[in-house]
Amino acid sequence: MIARAGVLTFSSDRLLPIDLAIRDWARRDEAVAERLRRVDNRRMALLREMIGTFCSDADEVEARSMLAFCVAIGAHFLAADHGDRTRAQVLARAADLLLNRPRKDHSH
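Rules of the game
- Counting of residues starts from 1 at the beginning of each chain's written sequence and follows it residue by residue.
- Totals for whole chains, interfaces and linings use every residue, but because this is a predicted model, local features are given only for residues with pLDDT of at least 70 and side-chain atom pairs only at 80 or more, for both listing and counting.
- Side-chain calculation: all heavy atoms of the structure are included, whereas hydrogens and water are not.
- A run of DSSP states H or I qualifies as a helix once it reaches four residues; a run of E qualifies as a strand once it reaches two. Both are numbered from the N-terminal end.
- Burial here depends on accessible area, computed with a 1.4 Å probe over protein chains only, as a share of the maximum for the residue type. Under 20% is buried, over 50% is exposed, and the range in between is partly exposed.
- Counting of polar contacts relies on pairs of N or O atoms within 3.5 Å, with two restrictions inside protein: one atom must be capable of donating a hydrogen and the other of accepting it, and residues adjacent in sequence are counted only when both atoms are side-chain atoms.
- By the convention used here, residues are in contact when the closest approach between their heavy atoms is within 4.5 Å.
- The salt bridge definition used is simple: a Lys or Arg side-chain nitrogen within 4 Å of an Asp or Glu carboxyl oxygen.
- In this description, a line fitted to the C-alpha atoms serves as the axis of each element, helices being fitted only across the stretch in contact, and the angle between N-to-C directions of two axes falls anywhere from 0 to 180 degrees.
- Between 65 and 115 degrees an angle is taken as roughly perpendicular, under 35 as roughly parallel, over 145 as roughly antiparallel, and anywhere else as oblique.
- By the convention adopted, Pro, Cys, Tyr, Trp, Phe, Met, Ile, Leu, Val and Ala count as nonpolar, Lys, Arg, Asp and Glu as charged, and the other residues, Gly among them, as polar.
- For our purposes a nonpolar core is just a set of buried Ala, Val, Leu, Ile, Met, Phe, Trp, Tyr and Cys residues, chained together by side-chain atoms within 4.5 Å.
- Between the first and last residue of a helix there are one fewer steps than residues, each counted as 1.5 Å, and that sum is the expected span.
- Picture the helix axis, draw a direction to every C-beta atom, and the arc is the one those directions span.

> Explain unusual backbone geometry to me, using residue names and the numbers behind them.
Even without a glycine there, the phi angle at Asn 100 is positive, about 60 degrees. Tracing the backbone through its elements, the reader meets Asn 100 in the segment after α5 (87-98). Judged by its relative accessible area of 47%, Asn 100 falls in the partly exposed class.

Printed below as a string of structure tokens:
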């Protein structure tokens, strides 16, 4: 459900560059920064709610939510290779771990 909501993927490769551009703009414009803070707070609230459905430890919910959000934003900047795995496979496994889902075969 979180992935469907676009929290981890920002819905598509089309939306990520827009999100990143807004983040860059927010560094220079306080009004944009405040709007971005509100949007990010809503995204974090959704993550907390969803992760809270399987995790009752508030500290763990917060940490998993932050990690999920950071993966969604930061994976774009990572230039590392993943051996014989694709970036999509690694991101899918990371989402499984963060969302406490059973291990799936992400080889395709």
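That shown, we press on.
> Kindly report on the side chain of Ser 65, identifying the contributing residues and their values.
Residue position: Ser 65 is located in helix α4 (residues 58-74). A polar contact of 2.7 Å, which involves the side chain of Ser 65, links it to the backbone oxygen of Val 61. Not counting residues up to four positions away in its chain, the partners in contact with Ser 65 are Met 44, Leu 47, Arg 48 and Ile 51.

> Requested: an account of the pattern of salt bridges, with residues and values cited.
Applying the stated criterion across every chain, the model contains 13 salt bridges. Notably, a salt bridge pairs Glu 34 with Arg 38, separated by 3.9 Å at the nearest N-O pair. Remark: Arg 38 and Glu 34 occur in helix α3 (residues 30-51); sequence separation between them is 4 residues, near one turn of the helix. The exposure class of Glu 34 is partly exposed, given its relative accessible area of 33%. Of the charged contacts in the structure, one is a salt bridge between Glu 60 and Arg 64, with a shortest N-O distance of 2.8 Å. Of the two residues, Glu 60 and Arg 64 are both situated in helix α4; the distance of 4 residues between them amounts to about one turn of the helix. Given a relative accessible area of 33%, Glu 60 falls into the partly exposed group. Each of Asp 19, Arg 23, Asp 40 and Arg 43 takes part in salt bridges that share partners, so that together they form one network.

> Could you give me a rundown of the packing of helix α2 (residues 15-26) against α4, with the residues and numbers involved?
Between α2 and α4, the least distance of the axes is 10 Å, while the angle of their chain directions is 100 degrees. With respect to each other, α2 and α4 are oriented roughly perpendicular. In contact with Leu 16, Asp 19, Leu 20 and Arg 23 of α2, α4 contributes Phe 69, Ala 72 and Ile 73. Here the contact of α2 with α4 is composed, by residue class, of 5 nonpolar, no polar and 2 charged.

> Break down the nonpolar core for me, citing the residues and quoting the values.
Most often, soluble globular proteins keep nonpolar side chains buried together rather than apart. By size, the foremost hydrophobic cluster in this structure holds 12 residues: Leu 16, Leu 20, Met 44, Leu 47, Ile 51, Cys 55, Val 61, Ala 68, Phe 69, Ile 73, Leu 98 and Leu 99. Listed by contribution, the elements that provide at least two residues to this core are α2, α3 and α4.

> I'd like to hear about α2, residue by residue, with values.
Under the 1.5 Å per step criterion, the end-to-end length of α2 is 17 Å for 12 residues, consistent within 8% with the ideal 16 Å. Among the residues of α2, those classed as buried are Leu 16, Asp 19, Leu 20, Arg 23 and Ala 26. In an axial view of α2, the angular spread of the buried residues amounts to 120 degrees, which keeps them on one side of the axis. Looking at the packing, one finds that the buried side of α2 touches α3 and α4.

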